[in-house]
Amino acid sequence: MPLALLALAVGAFGIGTTEFVMMGLLPGVASDLRVSIPTAGHLVSAYALGVVIGAPLLAAVTARLPRRTVLIGLMVLFVLGNALSGLAPGYHGLLAARFLSGLPHGAFFGVGAVVATHLVAPERKARSVSLMFLGLTVANIAGVPVATLAGQHLGWRVTFLGVSAVGVAAIVSLFLLIPRDDAPAPAGGLRGELAALRSLPVWLALGTTVAGFGALFSAYSYVTPMLTDAAGYTESSVTLLLALFGVGATIGNLAGGRLADLSLRGTLLGGMTALMAVLCLFPLLMGAPWSAALAVTLLGTAAFVTGSPLQLMVMEKASAAPSLASSANQAAFNLANAGGAWIGGLALAAGFSVTSPALAGAALAALGLAVAGLAYAVDRRTAPRPGPERLVATHVPEPTESVRG
């Protein structure tokens, strides 16, 4: 695998850290800015909104530029957003800075996935995407816990300034390691880019992402009360257990990349089935501390097995505009984050048990499996079929007079 993938992974590490670290910093930010914790929670939503808006928009408007230039520009925007977050004078300034920080998120992963697949042989495409995503999963193991501890002891502003430094390291890595001769994206104009998203297979692939990762976030958004109320862990132990989720996500991400290079559709359907099974078993596994730790690890593994296959499938279905489609898939991930958390919350609000969000997630995983199956059926129906074999008659000339004689 080329060293250039390391540059993409460094950028993904910084993005993954800043996306998830706000959850651990909310109490300190709320106290320092004199707002309630629910109000401070809007800072998480502002980042997600930036991702959803910025992913397709920035990918479309930068379609005519060389992808190396686009990646560096997106990371400059990332550094600016996090630096402004660390220097924000008040709540509204921080809210705007968090929105700005989210804008380059989806486009970076989208364009980066296209670059990653162009750096390797065709039979290693999914593996190259999984190596870029490795930065995101490792951020959940090391980046988020370290950034959270730094914010709790040194102040939350230090955390965002530190993430900006990671972004600067990513810019240097991209400048040095991404090939200069990387071809620009197809220059068909914004209308041509958007036209590539009109096909049914693309929307079925995006729908699979929303349902499948909505299943994950339906359970993961409420995993802390599950671990404390059902499994009996103390709140101080939850950080370590969430690191186990990152370990599982890293294993699943790497395994999914290798398996998808062998069978893209089989890995996607198998991963979705595994996720549904894990979520169905969640209430039982949360009955004891040891099995609860296993459940959190398996959740990360099963969910992220499908990460690189989903990304690659969307890119293949929109081959005329792979950067835009790949970025749109990142927006779908964030819609899954918000939608899954909302559906899991509905289960709790209805008075069901603390583990009920996992069963709601299992239903979403079943929906994702159905959408993936429908996408497979559509592919089979629209695939070109070989025509019937034709027998070519051979003309046998009439014998001449001399031969007859």
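In this text, all values refer to a predicted model and were calculated from it rather than measured experimentally.

S.K.: Break down the overall build of the protein chain for me, citing the residues and quoting the values.
M.R.: The helix and strand inventory of the protein chain stands at 17 helices and zero strands. Counting all 405 residues of the protein chain, 53% fall into the buried class. Here the analysis covers contacts within the protein chain between residues at least 6 apart in sequence; of these, 84% occur between residues at least 24 apart.

S.K.: Give a detailed account of the packing of helix α4 (residues 67-87) against helix α5 (residues 91-118), specifying residues and quantitative values.
M.R.: Running from amino to carboxyl end, α4 crosses α5 at an angle of 155 degrees, the nearest separation of the two axes being 8 Å. With respect to each other, α4 and α5 are oriented roughly antiparallel. Between α4 and α5 the crossing geometry is left-handed. Class assignment for the residues of the contact of α4 with α5 results in 18 nonpolar, six polar and two charged.

S.K.: Could you give me a rundown of the nonpolar core, with the residues and numbers involved?
M.R.: Side chains of a nonpolar character, in soluble globular proteins, are inclined to be buried together. One finds Leu-8, Leu-174, Leu-216, Met-286 and Leu-299 to be the most contacted residues of the largest nonpolar core, which totals 96 residues. Beyond its immediate chain neighbours, meaning those up to four positions away, Leu-299 contacts Leu-216, Tyr-220, Phe-245, Leu-275, Val-278, Leu-279 and Phe-282. Within the second largest apolar cluster, 15 residues are counted, among which are Leu-25, Val-29, Ala-30 and Ala-147.

S.K.: Residues and numbers for a nonpolar patch on the surface, please.
M.R.: Together, Leu-49, Ile-53, Leu-57 and Val-61 make up a nonpolar patch on the protein surface, roughly 360 Å² of accessible area in all. Relative to the elements of secondary structure, Leu-49 occurs in helix α3 (residues 42-61). Using a relative accessible area of 47% as the deciding quantity, one classes Leu-49 as partly exposed.

S.K.: Provide a residue-level description of the pattern of salt bridges, including the pertinent values.
M.R.: A full pass over the atoms with the stated rule returns one salt bridge. With a closest N to O distance of 3.7 Å, Asp-261 and Arg-127 form a salt bridge. With Asp-261 in helix α11 (residues 238-262) and Arg-127 in helix α6 (residues 125-154), this pair connects stretches of sequence that are 134 residues apart. Across this residue pair, the class does not change: Asp-261 and Arg-127 are buried.

S.K.: Run through α3, naming residues and quoting values.
M.R.: Between the first and last C-alpha of α3 there are 28 Å, a value that for 20 residues agrees with the 28 Å anticipated at 1.5 Å per step. Roughly 35 degrees is the biggest bend found in α3, and it falls at Gly-54, with proline Pro-56 one to four residues downstream.

S.K.: Got a sec to walk through the side chain of Asn-82? Specific residues and values, please.
M.R.: Structurally, Asn-82 can be placed in helix α4. Here Phe-78 takes part through its backbone oxygen, which lies 2.9 Å from a polar atom of the side chain of Asn-82. If near-sequence neighbours (up to four positions away) are discounted, Asn-82 is found in contact with Thr-18, Ser-101, Phe-160, Val-163 and Ser-164.

S.K.: With reference to specific residues and values, describe the confidence of the model for the protein chain.
M.R.: Averaged over every residue, the pLDDT of the protein chain is 83; the share at 70 or more is 89%. The low-confidence segment residues 386-398 (pLDDT under 50) makes one contact with residues lying over four places distant or belonging to another chain. Here residues 400-405 scores under 50 on pLDDT; set against residues more than four positions off or in separate chains, the count is two contacts.

S.K.: Which residues make up the environment of Ala-243, and what are the values?
M.R.: Mapping Ala-243 onto the fold places it in helix α11. Under the relative-accessibility criterion, Ala-243 is labelled buried at 15%. Sequence-wise, Ala-243 and Asn-140 are 103 residues apart; in three dimensions their C-alpha atoms are separated by 6.3 Å. In this structure Ala-243 touches Asn-140 and Ile-141, once residues within four positions along its chain are discounted.

S.K.: Got a sec to walk through unusual backbone geometry? Specific residues and values, please.
M.R.: The backbone of Arg-34 sits at a positive phi, close to 60 degrees, despite the residue not being glycine. Relative to the assigned elements, Arg-34 resides in the loop between α1 (4-33) and α2 (37-40).

S.K.: Break down the packing of aromatic side chains for me, citing the residues and quoting the values.
M.R.: Within the structure shown, the criterion is met by seven aromatic pairs. On the basis of an interplanar angle of 75 degrees and a centroid distance of 6.3 Å, the ring pair of Phe-245 and Phe-304 is categorised as edge-to-face. Taken together, the positions of Phe-245 in helix α11 and Phe-304 in helix α13 (residues 289-304) put the pair 59 residues apart, joining distant regions of the chain. By relative accessible area, which is 16% here, Phe-304 ends up buried. Three or more aromatic residues joined by ring pairs make a cluster, and in this case those are Phe-213, Tyr-220, Phe-245, Phe-304 and Phe-333.

S.K.: How would you explain the packing of α3 against helix α15 (residues 322-349) if you had to name every residue and give the values?
M.R.: Contact geometry for α3 and α15: axes closest at 8 Å, N-to-C directions at 170 degrees. Classified by the angle between their axes, α3 and α15 sit roughly antiparallel to one another. Between α3, through Ala-48, Val-51, Val-52, Ala-55, Pro-56, Ala-59 and Ala-60, and α15, the contact on the second element is made entirely by Ser-323, Leu-324, Ser-327, Gln-330, Ala-331, Asn-334 and Leu-335.

S.K.: Quick rundown of the side chain of Asn-334? Include the residues and the values.
M.R.: Mapped onto the fold, Asn-334 is located in helix α15. A relative accessible area of 5% places Asn-334 in the buried class. Apart from residues lying up to four places away in sequence, Asn-334 is in contact with Glu-19, Ala-48, Val-51, Val-52 and His-105.

S.K.: Give me the environment of Trp-156: which residues, what numbers.
M.R.: Locating Trp-156 in the fold gives a position in helix α7 (residues 156-177). Exposure remark for Trp-156: the relative accessible area of 6% places this residue in the buried category. Remark: the alpha-carbon pair of Trp-156 and Met-22, spanning 134 residues in sequence, is separated by 9.0 Å. One polar contact links Trp-156 to Asp-32, side chain to side chain, over a distance of 3.1 Å.

S.K.: Before we move on, can you summarise the environment of Met-276 with the specific residues and values?
M.R.: Among the secondary structure elements, Met-276 is positioned in helix α12 (residues 264-285). Overall, Met-276 belongs to the partly exposed group, its relative accessible area being 22%. Separated by 26 residues in sequence, Met-276 and Ala-302 have C-alpha atoms that sit 8.7 Å apart. Once residues lying within four places of it in the same chain are set aside, the contact partners of Met-276 are Ala-362, Ala-365, Ala-366 and Leu-369.

Calculation rules
- Residues numbered from 1 in each chain as written.
- Predicted model: local features only at pLDDT ≥ 70, side-chain atom pairs only at ≥ 80, totals over all residues.
- Heavy atoms only, no water.
- Helix = DSSP H or I, 4+ residues; strand = E, 2+ residues; numbered from the N terminus.
- Buried < 20%, exposed > 50% of the residue type's maximum accessible area, 1.4 Å probe, protein only.
- Contact = heavy atoms within 4.5 Å.
- Axes fitted to C-alpha atoms, helices over the stretch in contact; angles between N-to-C directions.
- Parallel < 35°, antiparallel > 145°, perpendicular 65-115°, else oblique.
- Left-handed = near helix turned anticlockwise from the far one by under 90°.
- Nonpolar A, V, L, I, M, F, W, Y, C, P; charged D, E, K, R; others polar.
- Core = buried A, V, L, I, M, F, W, Y, C linked by side-chain atoms within 4.5 Å.
- Patch = residues over 30% accessible without salt bridge, like charges linked within 9 Å, V, L, I, M, F, W, Y side chains within 5 Å.
- Areas by Shrake-Rupley, 256 points an atom, 1.4 Å probe, with all protein chains shown as cover.
- Salt bridge = Lys/Arg side-chain N within 4 Å of Asp/Glu carboxyl O.
- Expected span 1.5 Å × (residues − 1).
- Bend = angle between axes of the 7 residues up to and from the residue.
- Polar contact = N/O pair within 3.5 Å; in protein donor to acceptor, adjacent residues only side chain to side chain.
- pLDDT = per-residue confidence, 0-100.
- Phe/Tyr/Trp six-rings, centres within 6.5 Å; stacked < 30°, edge-to-face > 60°.

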